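# Architecture at a glance
Spelled out from the first residue to the last, the chains are:
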Amino acid sequence: MFCPVLLFAQQNLEGIVYDKDSKRRLGEVQIRNLNTQKYIYNDARGEFRTPAKSGDVLVFKKLGYFPDTIIYNNQTALIINLKENVSAIETVTVIGRKNPEDVLNEIKRDYGKAFDLAKPGDLFSVGMTGAGLNINSLYNMISKEGKNARRFTQFIGKLHEENIIDFHFTPELVRNLIGLEGEDLKAFMQLFRPTYEFVSTSNYYQMVNYIKSKYEVFKLHPNLRPLRELPDIKLDVKKEN
């Protein structure tokens, strides 16, 4: 009497996803159940656990690999082998944008004096007459002009880092990958702007994975928006004696 019930009962299916050629485990694989339209991602070890019942159609997808589809037939565990798609290339929209290094070199050329003052050089020098104090270096280090130059070059350094982020994390790339437009695109760009450390050490495919993973978070919180900037408030504070 209970056999039909057991046949269609939902079970927890476990498995591992491998690269078909290298036999290494693959993480960040999407496992979608076409019957329920629910999906999960496996872990970094390639392992997954997902509810399924007999007859469910499961699709395994990963960027850079051909997808694989199976029909679940009450197996207790699955071994999935995905074939790498070496010809798969992301669509890239080329936008005319200055390389951050070119921008920095232009600034250094236009404000060469400030960059020279910001680096005072060696305070002591050894010449034909013996050791001596480099007056120019000492002046650059302690003068108001030298301090202003160092503040200026520090600001330019921060600006250069922001330009590098903007050069790689672009609205065009985000739009092409996840299809956001308008205010949603603007909110996503502000909420998930990557750090300079990440951008400077990641490649294109790591950036693509970063954007797609953050989009999953964005979809889970549709009302998530950046905080509004507070207006500047000037207070008349008098110093007490």
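Relevant structure appears above.
Below, the structure is looked at part by part. (Residues numbered from 1 in each chain as written. Predicted model: local features only at pLDDT ≥ 70, side-chain atom pairs only at ≥ 80, totals over all residues. Heavy atoms only, no water.)

### Some remarks on the pairing of strand β2 (residues 30–33)
So the rule is basically this: Following DSSP output, two strands are said to pair if at least two bridges run between them. In DSSP terms, a helix is any run of H or I states spanning at least four residues, a strand is any run of E spanning at least two, and both are numbered starting from the N terminus.
With four bridges joining them, β2 and strand β3 (residues 38–41) adopt antiparallel strand pairing. Bridging from a neighbouring strand, Arg32 pairs with Tyr39 of β3. As consecutive antiparallel partners, β2 and β3 are separated by four residues, and within that stretch Gln37 has a phi angle of approximately 65°, a positive value. In this sheet, strand β5 (residues 57–61) lies alongside β2 in antiparallel orientation, the contact comprising four bridges. Looking at β5, one finds that Ile31 is bridged to Phe60.

### Some thoughts on the layout of surface pockets
Here is the rule: Here a cavity denotes a set of grid points, spaced 1 Å apart and computed over the protein atoms alone, in which a 1.4 Å probe fits but from which it cannot get out, and a pocket denotes an open set meeting protein on both sides within 12 Å along at least five of seven lines; residues with an atom within 4 Å of a point are reported as lining. Grid points are joined across faces, edges and corners, and a volume is the space filled by probe spheres set on the points. Here the nonpolar group is Ala, Val, Leu, Ile, Met, Phe, Trp, Tyr, Cys and Pro; Asp, Glu, Lys and Arg are the charged ones; every other residue, Gly included, is treated as polar.
Roughly 510 Å³ of internal volume is contained in the largest pocket. If you go around the largest pocket, you meet 15 residues; those closest to its centre are Glu28, Gln30, Tyr41, Leu63 and Lys212. Of all the secondary structure elements, the ones that give two or more residues to the lining of the largest pocket are α6 (171–178) and α9 (204–220). At five residues, α9 tops the list of elements feeding residues into the lining of the largest pocket. Tallied by class, residues from the lining of the largest pocket come to seven nonpolar, three polar and five charged.

### Details of the sheet that holds β2
Using the following cut-off: Angular values range over 0 to 180 degrees, each being the angle between N-to-C directions of two axes fitted as lines to C-alpha atoms, with helices fitted over their stretch in contact.
What the four strands build is an open sheet, ordered β3-β2-β5-β6; its pairing is antiparallel. Two strands close off the open sheet at either side, each with one partner strand: β3 and β6 (68–71). Within this sheet the neighbouring strands show an average axis-to-axis angle of 20°, counted without direction.

### Structural notes on the pattern of salt bridges
The line we're drawing: Here, a salt bridge means any side-chain nitrogen of Lys or Arg that lies within 4 Å of a carboxyl oxygen of Asp or Glu. Exposure categories follow from relative accessible area, calculated using a 1.4 Å probe and restricted to protein chains: below 20% of the type maximum is buried, above 50% is exposed, and the middle band is partly exposed.
Overall, the coordinates contain 10 salt bridges when judged by the stated rule. Linking Glu47 and Arg25 is a salt bridge whose minimum nitrogen-to-oxygen distance equals 2.8 Å. A residue pair is termed long-range when its members are at least 10 positions apart, and Glu47 in strand β4 (residues 47–52) and Arg25 in the loop between β1 (11–19) and β2 qualify at 22 residues. Glu181 is the partner of Arg175 in a salt bridge, and the nearest nitrogen-oxygen pair spans 3.2 Å. A residue is classified by how much of its surface remains accessible, and Arg175, at 29% relative accessible area, is partly exposed. Under the relative-accessibility criterion, Glu181 is labelled partly exposed at 48%.

### Structural notes on a nonpolar patch on the surface
Test applied: Only residues whose relative accessible area exceeds 30% and that take part in no salt bridge are eligible for patches, with like-charged residues grouped when within 9 Å of each other and nonpolar side chains (Val, Leu, Ile, Met, Phe, Trp, Tyr) grouped when within 5 Å. Here, Shrake-Rupley sampling with a 1.4 Å probe gives the accessible areas, and only protein chains in the shown set may cover a residue.
Nonpolar side chains collect at one region of the surface, where Leu63, Tyr204 and Tyr205 lie side by side and expose about 250 Å² of accessible area between them. Accessibility expressed as a relative area gives 30% for Tyr204, which makes it partly exposed.

### A look at the nonpolar core
Note the following rule: To form a nonpolar core, buried Ala, Val, Leu, Ile, Met, Phe, Trp, Tyr and Cys residues must be joined to one another through side-chain atoms within 4.5 Å. We call two residues in contact when some of their heavy atoms are within 4.5 Å.
Membership of the largest hydrophobic core comes to 19 residues, with the highest contact counts inside it found for Phe169, Val174, Ile178, Leu180, Phe188, Met207 and Ile211. When contributions to this core are tallied by element, the ones reaching two or more residues are α5 (144–168), α6, α7 (182–191) and α9. Dropping the residues within four chain positions of it, Ile178 is found in contact with Phe188, Ile211 and Tyr215. Ile31, Ala52, Tyr65 and Ile80 belong to the second-largest nonpolar core, a separate cluster that totals 15 residues.

### Focus on helix α2 (residues 100–110)
Rule in force here: When we speak of the arc, we mean the arc of directions from the helix axis to the C-beta atoms. We call two N or O atoms a polar contact when they sit within 3.5 Å, provided that within protein one can donate a hydrogen and the other can accept it, with sequence-adjacent residues counted only if both atoms are side-chain atoms.
Three or more residues of α2 are buried, namely Pro100, Leu104 and Ile107. For α2, the angular spread of buried residues about the axis comes to 60°, placing them on one side. Residues Arg109 and Asp110 are exposed on α2 and point more than 90 degrees away from its buried face. If you check the start of α2, you find a side-chain oxygen 2.8 Å away from the backbone N of Glu101, and it comes from Asn99.

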